[in-house]
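Survey of secondary and tertiary structure
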Amino acid sequence: MIKEAMAVEHPLIVDMSKLKLKPSYEDIQHDERTGWGRACTEGTREGVRDGNGPDILHEEFVRNRFGLTKARCVTGDRPYRPKALAKHRDYLSF
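Residues numbered from 1 in each chain as written. Predicted model: local features only at pLDDT ≥ 70, side-chain atom pairs only at ≥ 80, totals over all residues. Heavy atoms only, no water.

What follows covers the overall build of the chain. Counting its regular elements, the chain contains four helices and zero strands. Across the chain, helices and strands are ordered from the amino to the carboxyl terminus as α-α-α-α. In the chain, buried positions account for 16% of the 94 residues. The long-range share in the chain, meaning contacts at least 24 apart out of those at least 6 apart in sequence, stands at 52%. On the chain, roughly 7900 Å² of surface is accessible, and the fraction owed to carbon and sulfur atoms is 55%. (Helix = DSSP H or I, 4+ residues; strand = E, 2+ residues; numbered from the N terminus. Buried < 20%, exposed > 50% of the residue type's maximum accessible area, 1.4 Å probe, protein only. Contact = heavy atoms within 4.5 Å. Areas by Shrake-Rupley, 256 points an atom, 1.4 Å probe, with all protein chains shown as cover.)

Given below as C-alpha cells:
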C-alpha cells in the first residue's frame, strides 16, 4: 500500500528509514465485519471484476495464512477461511 501511495501524481512522502514495518501472516488480524465493516454485505466481493473477484484476490501471505492451524484474530483464533475466497481455485484444497 505504501508503494501505491508513493506512486501517484502527488505522492505521500514516506521516510522509509523511519518506517519499521514487520509484516507477518501470523500476526493478529482485525475482523473487517466489525465497526463500519458491518455495513458491508457478506458475499459482495465475489461479484467484483466481472465475477472474477476471488481469482484476483491472491497474495502470498494469504496462502500462508490458510496453511495455519489457527490464525490469530481479534474475535478469536480459528482457521483462516474468508468466505470471499471459499471458491478460489488456489484454496480449494484447504
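In this structure the tally under the stated criterion is one salt bridge. Taking the shortest distance from any N to any O, the salt bridge between Arg72 and Asp27 comes out at 3.4 Å. Of the two residues, Arg72 sits in the segment after helix 4 (60-67) while Asp27 sits in the loop between helix 1 (2-7) and helix 2 (48-51), which places them 45 residues apart along the sequence. The exposure class assigned to Arg72 is partly exposed, which follows from its relative accessible area of 39%. (Salt bridge = Lys/Arg side-chain N within 4 Å of Asp/Glu carboxyl O.)

To continue, consider the environment of Ile13. Of note, Ile13 is situated in the loop between helix 1 and helix 2. Each C-alpha atom of the pair Ile13 and Ile2 lies 9.8 Å from the other, and the pair is 11 residues apart in sequence.

The next point concerns the confidence of the model for the chain. On average, residues of the chain score 77 in pLDDT, and 69% of them reach the 70 mark or higher. Within the chain, no element has a lower average pLDDT than helix 3 (residues 53-56), which sits at 57, and none a higher one than helix 1, at 87. (pLDDT = per-residue confidence, 0-100.)

Further remarks concern helix 4. Within helix 4 the residues assigned to the buried category are Val62, Arg65 and Phe66. When helix 4 is viewed along its axis, its buried side chains cluster within an angular range of 105 degrees and face the same direction. Exposed residues lying more than 90 degrees from the buried face of helix 4 are Glu60 and Gly67. (Arc of directions from axis to C-beta.)

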